[in-house]
Amino acid sequence: MRRPAPPALRPTLLTLLFPALLSACFQQPTPTSPAPAPASPPPTASEPAPAPREPLRSLGTVDLTFTGLGQAGETLRVTTPSLGSSALSDQGSIQLQPLSNGTFTTGRRGVDGVRYLYATFLVRNATQAGTAYGTPRRNLTLVAISTPTTVADTPYSRLQKFDGTDAAAGIASTITPTAALQFDRQTERPALIAGAEDLQVFAENEVASLTGAGVTRAFPFGFVVRHRTVTGNRDLPANPAPGTFDGTVTVALKLPLQTNPADDPFTFNMSFAVVDDSVTRVTESPEEQTLGNVQTRAATLGGAQLALLCGSAVTAPGSLFIGSATTAGAPGTARTAHIGGDLALNTVPPAYSATGNVNLNVSAALGLARFYAAYPTAPGGTNATLAFTGSGTARSGNLNVAPTGAFTFTSRAGDGAPAVTDTLNYTVSDGRGCTSPTQGVPVNVSGRVWFARNTATTGDGRQDTPFPILQAAQAASAAGDTLYLYRGDGTTTRQNQGLTLKPGQTLVGEGAALTVNGTAVLPAGQPATFEHTTGTGLTLATNNTVRGVNIRGAAGGVSGTNFGTFTAELGAVQASAGPALNLSVGTLNGSATRLDAQNTTGNGVNLSGLGGSFTVLGSGTSGSGGTLQATGPLGAGLNLQPDNLDFTLSLNRMTFQNNASGLLLATQGTDTGRVTLTVQDSAFSNNSVNSIQINPGGSGSGTYTVRNNTFTHTGTGGGLYYSGTSRTGTPTDQGTVTGNTFNLAPGGNANAITVDQVGAGAARFAITSNTVTGYGVYGISVGAKEGGGGRLDAVVTNNAVSSPPGPVTSPNLDGINVTVGTAPGQNSVLCLRMTGNTSVSPDPGFAGIVLRQRTGTTFTIEGVPTGATNAQVQTAVQASNAPSTVRIRTGAELTPVTGTCTGPT
């Protein structure tokens, strides 16, 4: 082998010119610059390096001109361009001053001959024109770029031979970066120049932000500035004095020797963007892999991030394996030259997000492979095939990595509260001899779900290893956690205890989908069931959510007081000796499939002091909403007292039987709450007082819909009873009673439908299309009573009222009763619209419809003029409700007035 000539025997001319090639966007009136990004926090045991970097931001661009390469007789010359008459006081970029340079060759021309060259510059934190920046610099880096004037997809331009003619353009792609090298006379090989290892490589997308404004392509390599005297950091202080250069940088390249020396480039330019970098990184160049110690350099900088290429033997934790860096070629998978191997890091993996104890399943498309690119060894060849393997996590979580980069991760049991960051450890290989050291991708674990399944025998509460009992999950949990109950074998085996939630907890059963942090984890299936055979099934804390479970209890189903907001999507809630729901003071939002309760000492459901809305759904068939039986002397199937809150309650397909009151709603004079109540497709049977009893006494206006229900009684109880009593303020209730069927005992002492406005306040009711086939006193009774200025607008239309006769001692009265006032001098107001009713009294002494008015009251009957006589009223009402008979109550002289009634909206 021909021995290379030592550098001293190869005189060269290396001239470094750096005119500012700044686009308009970098021409600033005042030489200011963006503040450097904050330093990345040091990694901790639960925080993997690398830290996310700030996007690179260009201060401007700079060209370096290398000239006088390898020609005998030349002398070294370094010049700085004159600013000229235009001056560059508004230019950015950075101020450089040549310091030293060198070049030598090794190998044989046309075979393995290579020219090495380097140039070291002093760096001042100032514009090219010399105006100091008022902002410090951090990790200032010259990043190689292509522009419209460079050889396409390279950072090089103006390649010329010694004779001034153009060198072959293809040479541009053969120029590659390296660390600064010198010729070692003892080994006759290249050796590193200590302190000049400034090569820096990047993931491809780390430099993507530099493209634009005259930059056609940013390459993932460059050279980083060091502080001249401070070895522990690369910071350049703000406002340096004139002539004070605090930094140095060495640009080092190598290029092949041409077969004919006359074809060697004598001159070429190289273009850079000048950037601050928030991440302190050192790069191990291919030459340093055998000649240097990158770890020592990183330690000198206080634990800088290591950037490694294929071929590295470094296995330091936290290192960033970049694999290779494209040095020529278009962005993407097309490249014509590179340093490193056949794979490259495109994007530093950002942190994944996971929930504690929950499987994080990441597909190949979203997995590790998307951060890497595979390349052919030479342009036009076959791309490498990447393969991934997993090697556990920093916090001993479960990790399974597929060769495709897909993976499944489950945190260490209990991680997530408080939030922690784990590291997923993996390696990547290109199948061509390049395998990365262990790499780490962060996964932020926040929140926790504890799992239980009654068919499990052991477990730690994670998704694939659930606890065998729900109470074990609760014992391990903390406030704010989620509990998930699998259906298991469908029984309550090993779940036979009550559950008391903690503040902010969510309980999800298999009957509801489990979605955490916006990600679907498990689909909805059949509800899971847990039971307490002696106590209450579920006791709330504050601000709980419960979905997809059936709850059974003896003393009660669900209980809570001062519970904040309870969000519920319940299955069946059952209580064998207490209330299905016993909730007071809070906001209830949600639903239940059904409510079932038997209670001999209290109510079937207690709802008091609640805001929000709740629906009992039923499953579409009669009675599927559950059965409420409160068989005590004062028990209500459902007791609702809204107090001062607004509450919406919808009851569907339920059965209320053997209660004193099937449904009891009452407010007091100081209450301001408003109730919206809907009861439909339900059955009321043998409730001894009233099936539905609504007694609003506060100032809130309610809305009531009673639709398509059946009311049957063999005893003395009534059907629907509404009485607005002792109201305060100016409330106006609205009610719709339609499509219901009533069959009460003829020997009873109550009405099928009663709507009374008693005292102050107003009500608007539509009683339409109901069928009454049995009643005790009246089939339908409407009235405005006891003065106080109260008003009732009653729309009574298309009802069919009849009944078998009652006993002689307690005969039925009229089918429909209309009363204004209970004593003379009252100022009650009743507006009546009555049409299309068919009403018959079983007792010959009574009529289908009876009207009564006390003196001092106001009685408006739509279609009846002011001043009509009793006979005229009787005739008009009977004509509108044929074939119903009409009578005027004995001693009641009607004084109707013309008007129009207002029905409910």
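Everything numeric here is computed off the predicted structure, so don't read it as measured data. The residue count restarts for each chain, going from 1 along the sequence in the order it is written. Two thresholds apply to this predicted model, a pLDDT of at least 70 for residue-level local features and 80 or more for giving and counting side-chain atom pairs, whereas whole-chain, interface and lining totals are computed over all residues. Hydrogens and waters are ignored; side-chain quantities use all the structure's heavy atoms.

**Examining the sheet that holds strand β15 (residues 305–309)**
Here comes step 1: For two strands to count as paired, DSSP must find a minimum of two bridges between them. Segments assigned H or I by DSSP are reported as helices when at least four residues long, segments assigned E as strands when at least two residues long, and all are numbered from the N terminus. In space, the four strands of this open sheet follow the order β14-β15-β16-β17, with mixed pairing throughout. Taken across any chain shown, the strands that pair with only one partner, and hence form the sheet edges, are β14 (281–283) and β17 (337–340). Going across the sheet, the axis of each strand differs from the next one's by a mean of 35°, ignoring polarity.
Here comes step 2: As defined by bridge partners, β14 adjoins β15 across three bridges and the pair is classed as parallel. When the sheet's bridge partners are listed, Val282 is paired in β15 with Leu306. Between N-to-C directions, angles cover 0 to 180 degrees, with each direction set by a line fitted to C-alpha atoms, over the stretch in contact for helices.

**A look at unusual backbone geometry**
Here comes step 1: The peptide bond linking Ala417 to Pro418 adopts the cis configuration, its omega dihedral lying at 0°.
Here comes step 2: Locating Pro418 in the fold gives a position in the loop between β24 (407–410) and β25 (420–429).
Here comes step 3: Of note, the bond from Ala882 into Pro883 is cis; its omega dihedral lies within 30 degrees of zero at 5°.
Here comes step 4: One can find Pro883 in the loop between α4 (870–880) and β64 (886–888).

**Points about the packing of aromatic side chains**
Here comes step 1: Ring geometry is summarised as follows: Phe, Tyr and Trp rings, the Trp one being its six-membered ring, pair when their centres sit within 6.5 Å, and such pairs are stacked at plane angles under 30 degrees, edge-to-face over 60 and tilted between the two. A full pass over the atoms with the stated rule returns 21 aromatic pairs.
Here comes step 2: Aromatic side chains Phe219 and Phe221 sit 6.3 Å apart centroid to centroid with 50° between the ring planes, which places their arrangement in the tilted category. For the residue pair Phe219 and Phe221, the accessibility class agrees, reading buried in each case.
Here comes step 3: Of the aromatic side chains, those joined through ring pairs into one cluster are Phe656, Phe684, Phe711 and Phe742. The buried label applies to any residue whose accessible area, calculated with a 1.4 Å probe on protein chains only, is under 20% of its type's maximum; exposed applies above 50%, and partly exposed to all values in between.

**Considerations on the nonpolar core**
Here comes step 1: Take the buried residues of types Ala, Val, Leu, Ile, Met, Phe, Trp, Tyr and Cys, join any two whose side-chain atoms come within 4.5 Å, and each joined set is a nonpolar core. With 93 residues, the main nonpolar core has Leu595, Leu607 and Leu851 as its most contacted residues.
Here comes step 2: Of the residues forming this core, the biggest block, six residues, is contributed by strand β38 (residues 581–599).
Here comes step 3: By definition in these notes, contact holds between two residues if any of their heavy atoms fall within 4.5 Å. When residues no more than four places from it in sequence are discounted, the contact partners of Leu607 are Leu581, Leu583, Leu588, Leu638, Asn639, Leu640, Gln641, Phe647 and Leu649.
Here comes step 4: One finds Val282, Leu306, Leu308 and Ala384 within the second-largest nonpolar core, a separate group that totals 79 residues.

**Thoughts on the pattern of salt bridges**
Here comes step 1: Each salt bridge in this description consists of a side-chain nitrogen of Lys or Arg and a carboxyl oxygen of Asp or Glu lying within 4 Å of one another. According to the stated counting rule, one finds 21 salt bridges in the structure shown.
Here comes step 2: Residue Arg226 is joined to Asp198 by a salt bridge in which the shortest nitrogen-to-oxygen separation is 2.6 Å. Highlighted residues: Arg226 in strand β11 (residues 226–227) and Asp198 in the loop between β8 (189–192) and β9 (199–201), separated in sequence by 28 residues.
Here comes step 3: Owing to a relative accessible area of 22%, Arg226 belongs among the partly exposed residues under this scheme.
Here comes step 4: Note that Asp481 and Arg448 form a salt bridge whose closest N and O atoms lie 2.8 Å from each other.

**Let's talk about the confidence of the model for the chain**
Here comes step 1: Confidence in the prediction for the chain averages 90 pLDDT; 92% of positions are at 70 or higher.
Here comes step 2: As a per-residue quantity, pLDDT reports the predictor's confidence and falls between 0 and 100. Of the regions scoring below 50 in pLDDT, residues 1–50 engages in 154 contacts with residues more than four places distant in sequence or in other chains.
Here comes step 3: Note on residues 73–91: pLDDT is under 50 here. Beyond four places in sequence and across chains, it has 39 contacts.

**As for α4**
Here comes step 1: The complete set of buried residues in α4 reads Asn870, Val873 and Val877. Buried positions in α4, seen along its axis, are confined to an arc of 65° and lie on one side of it. For α4, the exposed residues lying more than 90 degrees away from the buried face are Thr875 and Ala879. Our arc is simply the arc of the directions from the helix axis toward the C-beta atoms.

**Comments concerning the sheet that holds strand β20 (residues 360–362)**
Here comes step 1: The strand order β20-β24-β23 describes an open sheet built from three strands, whose pairing is antiparallel. Because the sheet does not close on itself, it has two edges, and the strands there are β20 and β23 (398–401). Going from strand to strand, the sheet's axes swing by 5° on average, the running direction of each strand aside.

**Things to note about the environment of Leu595**
Here comes step 1: You can see Leu595 is positioned in strand β38.
Here comes step 2: A relative accessible area of 1% means that Leu595 is categorised as buried.
Here comes step 3: When neighbours within four sequence positions are excluded, Leu595 is seen to be in contact with Val573, Ala580, Leu581, Val605, Phe614, Val616, Gly625, Gly626, Thr627, Leu628 and Met654.

**Quick notes on the pairing of strand β37 (residues 565–575)**
Here comes step 1: Note: strand β34 (residues 545–547) against β37, three bridges, orientation parallel. The residue bridging Val546 from the neighbouring strand is Ala568, located in β37.
Here comes step 2: As paired elements, strand β35 (residues 549–553) and β37 share three bridges and run parallel to each other. Among the inter-strand pairings, Arg552 is bridged to a residue of β37, identified as Gln574.
Here comes step 3: In the sheet, β37 pairs with β38 via 10 bridges, with the strands oriented parallel. Across the sheet, the residue bridging to Thr565 is Thr587, located in β38.

**Some points on the environment of Glu510**
Here comes step 1: Here Glu510 is to be found in the loop between β29 (506–509) and β30 (514–516).
Here comes step 2: On the basis of relative accessible area, Glu510 is assigned to the partly exposed category, the value being 22%.
Here comes step 3: Sequence separation of Glu510 and Gly602 is 92 residues, and the distance between their C-alpha atoms is 32 Å.

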